[in-house]
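Chain and residue survey
In case you want the letters, here they are:
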Amino acid sequence: MNTPILLFLLSPFVGLIQGFKHYKETWAKNSIWLFVVFYGFTMFRPESMDANRYVLKLQSLYDAPLSWDSFLANFYSDDGSTVDIYQPLITYIMALFTNNGNFLFAVFGIVMGYFYSRNIWLLLDTTKDKRITGTLWIVLFTFASIIGYWELNGVRMWTAAHIFFYGTFLFVIKGNKKGALIAALSVLVHFSFVLPVSILLFCYLVKLPWKLLYFIFIASFFVSELNISAIGDFLGNIAPEFLIPKVKGYTNDEYIETIATDAPIANWYVLYYLKCVGWVVFIMMSSIYFNSLTNVKSNKAFSNLFGFTLLFLSIGNLMSLIPSGGRYLTIARLFAMALLFLFYVWYDNRYYRKYLTFLSPLLMFFIIVSIRISFETTTFITVLANPIIAVFVDLPVPLISLFK
């Protein structure tokens, strides 16, 4: 029996820890993958979360099955409202066998966990025989926390994000053209990835100079107010016809007011932890721009990723002014943290490393708050049990209950 399977059967949480501890071993990434699967099976899914809605849909399909033709009629039609394929298809297939939400989210965990673990190791594999310093570990765990495994609740958006990152990294950094296809497949998981895929295509076809991209990035970062209705009209004009209802739904005045009304008053650390990572990204991306040596710009892969990330961050800054649009900025920051990691590994820039070490407490704050947020859905079973126990003991009590 291989190591990740053994650790999974004994304790997936221990397997998670051992995977990072022995990150140079070939089995390590699979331990993280299997932990995410187990998390999906044992996660807490309260009524207020999207995950509960998916489980209710599973149970509805199980109790009143749809024919295949009726199911297909929901996609890309005037009468149907479904524009994503992945989650409805998996739910439909699972409903043929079970109405148990634990199994549904275990399957979701298989897909997201695969790309989540592989994305982390795309970065780790670049270190080769180099020693990973404390600062570099902080950058890596920040990357892993931007869209952590606990985001499985929003299975469509965040699974698509990891698929898109994986494909884009293969395409831009490794020069693997199959990566472009993988990135494009993210649109089937969440319709909104039409925008990131379009940005990737634009950057591939049009090579904008760093100076222009950095100016756009700076301007977008300091933009404080835009006409949301105008943005909605613009997106409505360029979006495919079947996406227009979704675009209008996210940008109309009623939705904006609903978001503002329903948004809970967050604790101070929830308000500031994203600002911390945002400022680190801003400062360190600027550091790369102003300290870009000739050999940096001559590295085509790094240069292309830097340009793509600057443009993605700029669009993410603008989209964050729209309710739910901030998700694009989150995805852009995933690329930004990967870029900061790669620059640290590939280039021995004393000033860059000094700045990043100085700013690392802000990243630590982000990591700590992210872990705190993960306690909302990570249960005691997730941490203390194993698959054998979890099959017989369904006790979805989140770790956050220790602090309330």
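As the structure is a prediction and not an experimental result, all values here were calculated from the model. (Residues numbered from 1 in each chain as written. Predicted model: local features only at pLDDT ≥ 70, side-chain atom pairs only at ≥ 80, totals over all residues. Heavy atoms only, no water.)

1. Brief notes about the packing of helix 10 (residues 178-189) against helix 11 (residues 194-205)
Helix 11 packs onto helix 10 with a crossing angle of 160° between their chain directions and a minimal axis gap of 8 Å. Put simply, helix 10 runs roughly antiparallel to helix 11. Where helix 10 crosses over helix 11, the two elements pack in a sense that is left-handed. On the side of helix 10, the interface is formed by A183, A184, S186 and V187, while helix 11 contributes V194, V197 and L200. (Axes fitted to C-alpha atoms, helices over the stretch in contact; angles between N-to-C directions. Helix = DSSP H or I, 4+ residues; strand = E, 2+ residues; numbered from the N terminus. Parallel < 35°, antiparallel > 145°, perpendicular 65-115°, else oblique. Left-handed = near helix turned anticlockwise from the far one by under 90°. Contact = heavy atoms within 4.5 Å.)

2. As for the packing of aromatic side chains
Counted under the stated rule, the structure contains 45 aromatic pairs. Pairing F343 with Y347 gives two aromatic rings, centres 5.2 Å apart and planes at 40°, and the pair type is tilted. Accessibility assignment for this pair places F343 and Y347 in one class, buried. Members of the aromatic cluster, each reached through a chain of ring pairs, are F143, F164, F165, F169, F193, F308, F312 and F335. Lying over the aromatic face of Y344, R353 brings its terminal NZ or CZ to 4.4 Å of the ring centre. (Phe/Tyr/Trp six-rings, centres within 6.5 Å; stacked < 30°, edge-to-face > 60°. Buried < 20%, exposed > 50% of the residue type's maximum accessible area, 1.4 Å probe, protein only. Lys NZ or Arg CZ within 6 Å of the ring centre and 35° of its normal.)

3. Things to note about the pattern of salt bridges
Two side chains carrying opposite charge are able to pair once their charged atoms lie near each other. Following the criterion strictly, the structure yields four salt bridges and no others. With its nearest N and O atoms 2.2 Å apart, the salt bridge here joins R156 to D84. Residue R156 is found in helix 9 (residues 155-172), and its partner D84 is found in the loop between helix 5 (68-72) and helix 6 (86-95); the two are separated by 72 residues along the sequence. Taken individually, R156 and D84 each receive the classification buried, so the pair is uniform in this respect. Of the charged contacts in the structure, one is a salt bridge between D348 and R353, with a shortest N-O distance of 4.0 Å. Overall, the relative accessible area of 69% leaves D348 in the exposed class. Here R353 falls in the partly exposed class, since its relative accessible area comes to 25%. (Salt bridge = Lys/Arg side-chain N within 4 Å of Asp/Glu carboxyl O.)

4. A few points about the environment of L10
When you line up the elements, L10 lands in helix 1 (residues 3-10). Exposure remark for L10: the relative accessible area of 56% places this residue in the exposed category. Expressed as a C-alpha distance, the spacing of L10 and I388, which sit 378 residues apart in the sequence, is 8.7 Å.

Shape is all these values report; function is a separate question.
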